[in-house]
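Commentary on secondary and tertiary structure
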Amino acid sequence: MVDIYCQTDFDGDTRARIEVISSDTPNTSEVVATPPSGKTYQYPVAAHGNFLCYELPAGENVNVHAANANVVVNGTKRLRPMIAPPRFLDFTTTTWGPAGHATILPNDKLVHHARIEKRLFNVIPFGAQEWHMVETDLTLSAASHRVVGVKDHVEPSADPTGRLTYINKADDRASYHKVVANGVTIATPGLAFDPVVSPNGLYVAWLVLEAAAGSTGLQNIFNVNWALYTATLSDPNSTRVAAVPAVTWDLITHPFWLDDDTLLFSKYSWWKWRLRTAPRTGGTQAWLTDTSKSIGMAYPAHT
């Protein structure tokens, strides 16, 4: 049995709360976190006895509005710390916004996907933004803060032992993203997102977004293929497997492992997000949840 923490719509389609379902009884849920009035919760993550999600104003998205996001850890809202407060004759502050994709380590540390930026007088954006991984403790204290890795190493996830998997997007052109999992680097077609290693540490899965063949200009934005790939870490040069083949106009996101051979992901179908499963090597897909509610994304917590 696997507990699955889900972001589910309620009170219209601008707010979401966090519910838990079981892989054995996926259409029965328990509410574990409800946002305050005017707020929404997004992107639940649970591991090693800890739980986090993101609080934003209703209608906003953590990937787009990172500057407005706060992290809720074990039910308590935590304000992100300043990296560099103002200094004498320097009127800029350096802050970071949590843009989803956090992961929980076994030593009660968090690693965040973060947009780092400077602000003049702590208000006006100043200079270029950078994307990094940022580690903190569970309270997000300033003393615990440190930048992990280098610029454009982003979207971290951790295996059960705490080893990080992430995307190297230093060359942001299509076909030049790389998946880095347990020290193994895998070139990937298109733009890569959401890498995650299987519970046994043998495989990695990630989401790929690429423009459909023949599309140009604005068509690249609206005419795209989404696919879910897997690879074997012991043989990173082996042929990548499309566990979920690319389908134009079909939106899938947030892959995770239910077990070592089964992937769980969110799929937008008939104006609702629902959970779907697929074998690691490709094959027959199946809906995990029915059409009674919309589930924005989900994170399996192995219990």
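See above for the structure.
Bear in mind the structure is a predicted one, so any value in this text is a computation, not a measurement. (Residues numbered from 1 in each chain as written. Predicted model: local features only at pLDDT ≥ 70, side-chain atom pairs only at ≥ 80, totals over all residues. Heavy atoms only, no water.)

Things to note about the overall build of the protein chain
Looking only at helices and strands, one finds 1 helix and 25 strands in the protein chain. In the protein chain, the share of contacts with a sequence separation of at least 24, taken over all contacts with a separation of at least 6, comes to 41%. A total of about 13,900 Å² of accessible surface is found on the protein chain, and carbon and sulfur atoms cover 54% of it. (Helix = DSSP H or I, 4+ residues; strand = E, 2+ residues; numbered from the N terminus. Contact = heavy atoms within 4.5 Å. Areas by Shrake-Rupley, 256 points an atom, 1.4 Å probe, with all protein chains shown as cover.)

A short note on the layout of surface pockets
Over the atoms, a rolled probe matching the size of one water molecule traces out where space is still vacant. A volume near 940 Å³ is recorded for the largest pocket. Along its surface, the largest pocket is lined by 40 residues, and Asn61, Val62, Asn63, Thr253 and His254 are the ones closest to its centre. Where the lining of the largest pocket is concerned, the elements lending two or more residues are strand E1 (2-10), strand E2 (15-22), strand E4 (39-47), strand E13 (153-158), strand E17 (191-197), strand E18 (203-211), strand E21 (251-259) and strand E25 (295-302). (1 Å grid on protein atoms, 1.4 Å probe; cavity = no way out; pocket = protein on both sides within 12 Å on 5 of 7 lines; lining within 4 Å. Points joined across faces, edges and corners; volume = space filled by probe spheres on them.)

Here's the deal with the nonpolar core
Generally speaking, a soluble globular protein has its nonpolar side chains buried in company with each other. Counting 37 residues, the largest nonpolar core has Leu52, Tyr54, Val73, Leu110, Leu228 and Ile252 as the members making the most contacts within it. Here this core gets 4 residues from one element, more than from any other, and that element is E18. If we ignore the near neighbours within four places in the chain, the residues touching Leu110 are Leu52, Val73, Thr103, Ile104, Val134, Glu135, Thr136, Asp137, Leu138 and Leu140. Of all hydrophobic cores here, the second largest spans 15 residues; its members include Val179, Ile186, Val204 and Ala227. (Core = buried A, V, L, I, M, F, W, Y, C linked by side-chain atoms within 4.5 Å. Buried < 20%, exposed > 50% of the residue type's maximum accessible area, 1.4 Å probe, protein only.)

Points about the pattern of salt bridges
This model, assessed by the stated rule, comprises 5 salt bridges. Linking Arg17 and Glu19 is a salt bridge whose minimum nitrogen-to-oxygen distance equals 3.0 Å. Of the charged contacts in the structure, one is a salt bridge between Asp261 and Arg280, with a shortest N-O distance of 3.2 Å. Of this pair, Asp261 sits in the loop between E21 and strand E22 (262-269) while Arg280 sits in the loop between strand E23 (272-279) and strand E24 (286-287), placing them 19 residues apart in sequence. Judged by its relative accessible area of 43%, Asp261 falls in the partly exposed class. Take Arg280: its relative accessible area is 16%, and that puts it in the buried class. (Salt bridge = Lys/Arg side-chain N within 4 Å of Asp/Glu carboxyl O.)

So, the environment of Val154
Residue placement: Val154 occurs in strand E13. Through-space distance from the C-alpha of Val154 to that of His113 is 5.7 Å; in sequence the pair is 41 residues apart. With residues near it in sequence (within four places) discarded, Val154 still touches His113, Trp131, His132, Met133, Tyr166, Ile167 and Lys169.

As for the pairing of E2
With 7 of 8 residues buried, E2 is to be regarded as a mostly interior element. The pairing of E1 with E2 spans 8 bridges and is classified as antiparallel. Bridge assignment links Asp3 to a residue of E2, and that residue is Ser22. The antiparallel pairing of E1 with E2 creates a hairpin that spans 4 residues between the two strands, and Asp11 there sits at a positive phi of about 55°. (Pairing = 2+ DSSP bridges.)

A short note on the environment of Arg115
Position of Arg115 relative to the elements: it lies in strand E10 (residues 109-120). As for Arg115 and Gly97, which are separated by 18 residues in sequence, their C-alpha atoms are 5.2 Å apart.

Some thoughts on the sheet that holds E22
Read across the open sheet, the 4 strands follow the order E21-E22-E23-E24; overall the sheet is antiparallel. Only two strands of the sheet have a single neighbouring strand rather than two, namely E21 and E24. Where E21 lies against E22, 6 bridges are found, and the strand directions are antiparallel. Counted as the bridge partner of Asp259 is Thr262 from E22.

Here we look at the packing of aromatic side chains
Scanning the model with the defined rule gives 5 aromatic pairs in all. The interplanar angle of 55° and the centroid separation of 5.3 Å between the aromatic rings of Tyr268 and Trp273 together place this pair among those described as tilted. Accessibility expressed as a relative area gives 18% for Trp273, which makes it buried. Taking the ring centre of Tyr203 as reference, the NZ or CZ of Arg280 above it sits at 3.8 Å. (Phe/Tyr/Trp six-rings, centres within 6.5 Å; stacked < 30°, edge-to-face > 60°. Lys NZ or Arg CZ within 6 Å of the ring centre and 35° of its normal.)

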